Amino acid sequence: MDSPEQKITKTVSRVDASKESMANSRQVIGINFCGPTPLMWRADDLKSVRELGIIGTLVGSLARQPRQNTRLGRPLELLPEEGRLLADMGRAAVIPDSTNEDPEVNPEQVEQYHAGLENSFQEQGALALEDRKATLMRVMTKKHNENSGSQEDSDGAVRDRLEALAHGFSFPRTAMAVQLCTARAGLSHCPEVRRFLAADWPIPRDERSETRFRVFRDLRRQGFYLTSAGKFGGDYLVYPGDPLRFHAYFIVVCISMDESMPLCDVLAIARLGSNVKKTVLLCSSGGSQEDDGEEVVYTSLQWSGMV
Amino acid sequence: CERRVASADTNWRRQSYPSELFEARTRSHKIPVRGQKDFIPTGWDQQRDRLQQSLDEHWNLVSEERVERLGNLVKAVWISSDMIVELQSPAGKFWQTMGFSAHGKQCLHPEEALYLMEFGNLQVFYQDLPLSIQEGYERFLYSKTMSIQHYQVFGHLKRLGYVVNRFDPSSVPSQYERQLNLPQSRDRSGRLLKRKRSHSSTSMEKDSSHVDPTTSTEGGQGRSWWSKEGSPDPDSELPGQPQSSPRWDFSSIPFPDLGSRCWLPSSLTSPDPCLLPRAVGSVGACDVAPWLQRLNLREVRMSRREWERERDRDRYRRDINQDREVRRCRNWAEYQELQERRIQRSRRDRPAHLWEGPVTPLHDPAQVTSTGELLDKISVIKSTRLLEGSEEWRICFNIYQSDTVAEFKKSAPGKPYSRMCVFDGPVPDLWTLKLLAFQSGDVPVTYAVVDHGDISFYSFKDFQIPTDVSF
């Protein structure tokens, strides 16, 4: 461990992220909307986006263990600010909803699907037979070792048994393993095609969402990871590194610059913060309308006493 | 690094090879446990490695696809015009708590179908091709009644083991039905066979709860007392009794008191033939003597103590039959009029400046009333029922507890454990809370807040300020 030399103040993952992003810079990630909610379905998209510091929340059942709520699976639900940031960075585009167009049954695709299924069935049948033969061989070799009969007799017996197995073996269709796809098949990975299909960002913008977005963008620029903070009474939870490994530092509450906050609200949120051992940040963005150049003002609340 | 790319490629490619599908039979079903989190990023290698390990585990889990034996999958078809999924092969164990029958086929609601797809029990086809989970989300969760937030709450509760189904406002039994403890009947499509109620019944429900069944058995009104308020129920299952005035004029029919010690008639005159059943006709005079012999007219022998007690009581009790004015009354109606007159007389000493002006006292002290009624009269704040509501807030689901799943029957689900209302915006106001609580009857309402995928549950308990008075 080279601890004394390395005095790291910024998170290490940011360095990694920039390297990875250079490699993936060509790829545009697709965001699908389900109503007003932005979702992402492809596992590789989830990975690329996490390297950019976008965490999101998994909201579907986990494929391996669907009967629990502690770890969920795809789709990944994005905060509207996360989606907007990705779109502004040019890294993601909205895929328009194609469910309304109801094409007729596509016979080509159906044929392809059934052919694929048949092919899979044949291969799996062959694999099952091989598997059974291997098991049989194992069992018979063990028996032969125990009985220690003559070599030729045993070889013949084995051959006979294998032949009998091959004749009598049947792999029923119901035993075939089938994949239930999570993400929709279809769109190619070619980024140019994605850019053409990009639709406008469908979430309406108002003052509150503007403030939230600016605070999000500023904190992200400084290298923090942000997730939603519904259970903590705030807008975001701020982590110094990946949320998988670190506890949150701050609870962010976004308020506009000229909004006055009643004292009891300030007290309530400060109490909450001290109870969960996190610092509360009140954030406001400067009133200017331009995207760049405005600053975000942070005020932290900490409960202290008079000694 | 190349090896890593190759394995990454396997994970990211969506359609697995048949060999992989075959191998998936022996896939582990365990989820790796997440270790303790750190507080400060130190940048040390150890921390970075642990992070990378966590991330690798995470991607492994997240990218895994569902693989099922074809024999375990139930086939179904999505019917977009009805927003319903129709099963094409027989349903499995889930049929005990989910689904309904329609046109002779087994069907599922879109959220139930999507949940079963995510569970790996169901394969839904649309235009002869199987739908992916993504397409399921995009097609099934299209309407406002079942948005993605509703589905998230639905899935969350089902994964915990609860039985969740859609709420139907007409299925809530009224206060009166609950009093009668009527069994709830449902037809197979999950809709309750409700009594058709007339449109004015929503305001009448409030009134019917105050009708006390035991007080209104007067005269010939009989069993029609519950339809006496408002318009009569057109589809009432009760035999309708005509609301007629009593056939007998009790003021003219004499009922002699044969047990009276003072007046003993020797015989009773024959009653009016119209009062008797037609077959009997006219009867002659009735000789009273044999009947009187059957009456016990012996004097009661009291012990000395009892005699003394009676004497003391009689000192203050006035036999009402001794009252001359009462004796002048020939029937019950006249006696009541006498009572009224006497009350009026006692009222005449009410001071004029109090009772004759435009503003009179709230309560007359001569009137008999209970403490509770008196408090009610002088109360300034009255508890109210806020009934008119908005369309955006509705109860979505009925929740039944998981330990009753074994005996759960779709046709007779019983009373739900709770009802769920899903929202993601600002907190509902008091009006909405009261309205939904009323709509739900005696089942508590739980509120689920969905904040970008994070679900929290809240409930608001109704509280009546206790009054220290018995009514």
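Look a little higher up for the structure.
Keep in mind that this is a model prediction, so the values were computed, not measured.

A. Representation of the overall build of chain A. Helices and strands together make up the secondary structure of chain A, namely eight helices and 11 strands. By sequence separation, contacts in chain A at least 24 residues apart represent 63% of the contacts at least 6 residues apart. Accessible area for chain A stands at about 17000 Å²; split by element, carbon and sulfur atoms hold 53% of it.

B. Spotlight on unusual backbone geometry. The amide bond that connects A:Arg74 to the next residue, A:Pro75, takes the cis arrangement and shows omega of 15 degrees. Along the chain, A:Pro75 falls in strand S4 (residues 73–77). The phi angle at B:Asp128 is positive, at roughly 70 degrees, despite the residue not being glycine. The phi dihedral of B:His452 is positive, around 50 degrees, even though this residue is not glycine.

C. Here's a closer look at empty space enclosed by the protein. Scanning all chains against the criterion turns up two cavities of 30 Å³ or more. In this structure, the largest cavity encloses a volume near 60 Å³. Looking at the lining of the largest cavity, the elements with two or more residues in it are S4 of chain A together with helix H3 (45–63) of chain B. Among the residues making up the lining of the largest cavity, the classes are represented as four nonpolar, three polar and three charged.

D. View of the sheet that holds strand S5 (residues 92–95) of chain A. All names here are of chain A. Strand order in the open sheet made by the five strands is S3-S4-S2-S1-S5, with mixed pairing throughout. In this open sheet, the two edge strands, each paired with only one partner strand, are strand S3 (57–60) and S5. Strand-to-strand twist across the sheet, computed as the mean angle between neighbouring axes with direction ignored, equals 45 degrees. Sheet topology places strand S1 (residues 29–34) next to strand S2 (residues 37–40); three bridges connect them, and they run antiparallel. Among the inter-strand pairings, Cys-34 is bridged to a residue of S2, identified as Thr-37.

E. Highlighting the packing of aromatic side chains. One pass over the structure, following the stated rule, counts 18 aromatic pairs over all chains. Here B:Phe154 and B:Phe397 contribute two aromatic rings whose centre-to-centre distance is 5.7 Å and whose plane-to-plane angle is 45 degrees, an arrangement assigned as tilted. Remark: B:Phe397 occurs in strand S11 (residues 397–400) and B:Phe154 occurs in helix H6 (residues 148–160); sequence separation between them is 243 residues. Members of the aromatic cluster, connected to one another through ring pairs, are A:Trp41, B:Tyr115, B:Phe119, B:Tyr137, B:Tyr151, B:Phe154 and B:Phe397. Taking the ring centre of A:Phe213 as reference, the NZ or CZ of A:Arg84 above it sits at 3.9 Å. Between A:Arg173 and the ring centre of A:Phe121, over which it is positioned, the NZ or CZ distance is 4.8 Å.

F. Spatial organisation of the pattern of salt bridges. According to the stated counting rule, one finds 20 salt bridges over all chains in the structure shown. One salt bridge in this structure joins B:Glu64 and A:Arg64, with 2.8 Å as the shortest N-O distance. With B:Glu64 in the loop between H3 and strand S1 (66–69) and A:Arg64 in the loop between S3 and S4, this residue pair bridges two chains. In this pair, the class of B:Glu64 matches that of A:Arg64, namely buried. Of the charged contacts, one joins B:Asp442 and B:Lys415 as a salt bridge, the two residues approaching to 3.5 Å between their closest N and O atoms. With B:Asp442 in the loop between helix H15 (430–439) and strand S13 (445–451) and B:Lys415 in the loop between S11 and strand S12 (418–423), this pair connects stretches of sequence that are 27 residues apart. Residue class for B:Asp442 comes out partly exposed when judged on its relative accessible area of 38%. Taken together, the shared-partner salt bridges in this structure form one network comprising A:Glu81, A:Arg208, A:Arg212 and A:Asp235.

G. Inspection of a positive patch on the surface at higher detail. Residue and element names in this part refer to chain B. A cluster of basic residues, Arg-324, Arg-328, Arg-341 and Arg-345, forms a positive patch on the protein surface. Mapped onto the secondary structure, Arg-324 falls in helix H11 (residues 324–327). For Arg-324, a relative accessible area of 68% puts it in the exposed group.

H. Broad picture of the packing of helix H4 (residues 110–119) of chain B against H6(B). Residues and elements named next belong to chain B. Two numbers describe how H4 lies on H6: the axes approach to 10 Å, and their chain directions differ by 55 degrees. What the angle tells us is that H4 and H6 run oblique. In this structure, H4 crosses over H6, and the sense of that crossing is right-handed. On the side of H4, the interface is formed by Glu-111, Glu-112, Leu-114, Tyr-115 and Glu-118, while H6 contributes Tyr-151, Phe-154, Gly-155, Lys-158 and Arg-159. Tallied by class, the residues present in the contact of H4 with H6 amount to four nonpolar, one polar and five charged.

Analysis parameters
- Residues numbered from 1 in each chain as written.
- Chains lettered and ligands numbered in written order.
- Predicted model: local features only at pLDDT ≥ 70, side-chain atom pairs only at ≥ 80, totals over all residues.
- Heavy atoms only, no water.
- Helix = DSSP H or I, 4+ residues; strand = E, 2+ residues; numbered from the N terminus.
- Contact = heavy atoms within 4.5 Å.
- Areas by Shrake-Rupley, 256 points an atom, 1.4 Å probe, with all protein chains shown as cover.
- 1 Å grid on protein atoms, 1.4 Å probe; cavity = no way out; pocket = protein on both sides within 12 Å on 5 of 7 lines; lining within 4 Å.
- Points joined across faces, edges and corners; volume = space filled by probe spheres on them.
- Nonpolar A, V, L, I, M, F, W, Y, C, P; charged D, E, K, R; others polar.
- Pairing = 2+ DSSP bridges.
- Axes fitted to C-alpha atoms, helices over the stretch in contact; angles between N-to-C directions.
- Phe/Tyr/Trp six-rings, centres within 6.5 Å; stacked < 30°, edge-to-face > 60°.
- Lys NZ or Arg CZ within 6 Å of the ring centre and 35° of its normal.
- Salt bridge = Lys/Arg side-chain N within 4 Å of Asp/Glu carboxyl O.
- Buried < 20%, exposed > 50% of the residue type's maximum accessible area, 1.4 Å probe, protein only.
- Patch = residues over 30% accessible without salt bridge, like charges linked within 9 Å, V, L, I, M, F, W, Y side chains within 5 Å.
- Lys, Arg positive; Asp, Glu negative; His and termini not counted.
- Charge placed at Lys NZ, Arg CZ, Asp CG, Glu CD.
- Parallel < 35°, antiparallel > 145°, perpendicular 65-115°, else oblique.
- Left-handed = near helix turned anticlockwise from the far one by under 90°.

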